[in-house]
Amino acid sequence: ETGVTQTPRHLVMGMTNKKSLKCEQHLGHNAMYWYKQSAKKPLELMFVYNFKEQTENNSVPSRFSPECPNSSHLFLHLHTLQPEDSALYLCASSPETSGEGQFFGPGTRLTVL
Amino acid sequence: SQKIEQNSEALNIQEGKTATLTCNYTNYSPAYLQWYRQDPGRGPVFLLLIRENEKEKRKERLKVTFDTTLKQSLFHITASQPADSATYLCAARGGADGLTFGKGTHLIIQP
């Protein structure tokens, strides 16, 4: 519906698991983003990629590892997460990194047990 | 640190009236502000962008203002409808390339 898809939509994992979130955009954009949305908190920027290069890491713990193999795909690899990492993880894209609105995917609802 | 504040967590408006949402920013001067709509269980949807040299911007029943003296943006929905009920997010460029968001205002339009 928005041109940005995310899989899976829901994920439950234990603290020792390794999983990956996938994002794909069909809009021909050059910038892609990962955000975290927790209850009662504003959206928090995690990572920014521009033309496949990481341009921002917003002090995110190393248990979150992004990967951007091309301008259309973005992954978030997860390992040894904590229960407080449970949140909605949103992917977004935009034509460039400034001066444009961002297009968001539906998000992955992550629960860490 | 840079902050975006939306001072109303929730706002109840009667159908047909104008809803006005407020966004204040502190400790920086963003080149532009953006407004998004988010429905439960969905990602935010981009609505409008207003630049610092623009006083006002309109799109159908939506109007956004940007006052750099007051460090404030106002978001108006005229002739509000129950379908306008959602959470509205204000955002501005934060660090190098990403956006800093406010917590959002949950708008409820009552029939």
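Just so we're clear, the structure is a prediction, and the values are computed from it rather than from any experiment.

Definitions and cut-offs
Residues numbered from 1 in each chain as written. Chains lettered and ligands numbered in written order. Predicted model: local features only at pLDDT ≥ 70, side-chain atom pairs only at ≥ 80, totals over all residues. Heavy atoms only, no water. Pairing = 2+ DSSP bridges. Helix = DSSP H or I, 4+ residues; strand = E, 2+ residues; numbered from the N terminus. Axes fitted to C-alpha atoms, helices over the stretch in contact; angles between N-to-C directions. Salt bridge = Lys/Arg side-chain N within 4 Å of Asp/Glu carboxyl O. Buried < 20%, exposed > 50% of the residue type's maximum accessible area, 1.4 Å probe, protein only. Core = buried A, V, L, I, M, F, W, Y, C linked by side-chain atoms within 4.5 Å. Contact = heavy atoms within 4.5 Å. Buried area = accessible area lost by both parts, 1.4 Å probe. Polar contact = N/O pair within 3.5 Å; in protein donor to acceptor, adjacent residues only side chain to side chain. Nonpolar A, V, L, I, M, F, W, Y, C, P; charged D, E, K, R; others polar.

**Q** What's the story with the sheet that holds strand 7 (residues 64–70) of chain A in this structure? I'm lost.
**A** All names here are of chain A. Pairing is antiparallel across the open sheet formed by 4 strands, whose spatial order is 1-3-8-7. A strand with exactly one partner marks an edge of an open sheet, and here the two such strands are strand 1 (4–7) and strand 7. Averaged over all neighbouring strand pairs, the angle between strand axes comes to 20°, with direction disregarded. Sheet analysis places strand 1 next to strand 3 (residues 18–25), joined by 4 bridges and oriented antiparallel. Note on strand 3: the bridge partner recorded for Thr7 is Lys22.

**Q** Would you take a moment to explain the pattern of salt bridges for this structure?
**A** Note that side chains of opposite charge can pair when their charged atoms are close. All names here are of chain B. In this structure the tally under the stated criterion is 7 salt bridges over all chains. Between Glu56 and Arg58 there is a salt bridge; the shortest N-O distance is 2.9 Å. When its relative accessible area of 58% is taken as the criterion, Arg58 is described as exposed. Connected through salt bridges with shared partners, the residues Glu56, Arg58 and Lys63 form a single ionic network.

**Q** For this particular structure, what's the right way to read the nonpolar core?
**A** Within soluble globular proteins, side chains that are nonpolar generally end up buried alongside one another. Residues Ile4, Leu21, Leu33, Phe75, Tyr88 and Leu107 of chain B are the most contacted members of the largest nonpolar core, which totals 24 residues. Residue assignment for this core shows that the elements contributing at least two residues are strand 2 (10–14), strand 3 (19–26), strand 4 (32–38), strand 5 (45–51), strand 7 (62–67), strand 8 (72–77), strand 9 (86–93) and strand 11 (105–110) of chain B. Grouped together as the second largest cluster of nonpolar side chains are 22 residues, Leu11, Leu21, Cys23 and Met46 of chain A included.

**Q** How should unusual backbone geometry be read in this particular structure?
**A** Negative phi values dominate among residues other than glycine, just as trans dominates among peptide bonds. Residues and elements named next belong to chain A. A cis geometry characterises the amide bond from Thr7 onward to Pro8, with omega recorded as -10°. We note that Lys40 has phi near 65°; this positive angle belongs to a residue other than glycine. With respect to the helices, strands and loops of the structure, Lys40 is situated in the loop between strand 4 (31–37) and strand 5 (44–50). The phi dihedral of Thr80 falls on the positive side, at around 45°, and the residue is not glycine. Examined against the element boundaries, Thr80 turns out to sit in the loop between strand 8 (73–79) and strand 9 (87–94). For Thr80, a relative accessible area of 43% puts it in the partly exposed group.

**Q** Please explain the interface of chain B and chain A as it appears in this structure.
**A** Often the size quoted for an interface is simply the accessible area lost on bringing the parts together. Contact with chain B, which involves 21 residues of that partner, is made by 24 residues of chain A. Carbon and sulfur atoms supply 51% of the area that chain B and chain A bury against each other, a total of about 1,700 Å² over both sides. Contact with chain A buries surface across chain B, with Pro44, Asp97 and Phe101 of chain B losing the most and accounting together for 31% of the total. Counting across the interface, chain B meets chain A through 0 salt bridges. Here chain B and chain A share 5 residue pairs in polar contact (both at pLDDT 80 or more) between them. Here the side of chain B that touches chain A gets 4 residues from one element, more than from any other, and that element is strand 4 of chain B. When grouped by side-chain class, the residues that make up the side of chain B that touches chain A number 9 nonpolar, 7 polar and 5 charged.

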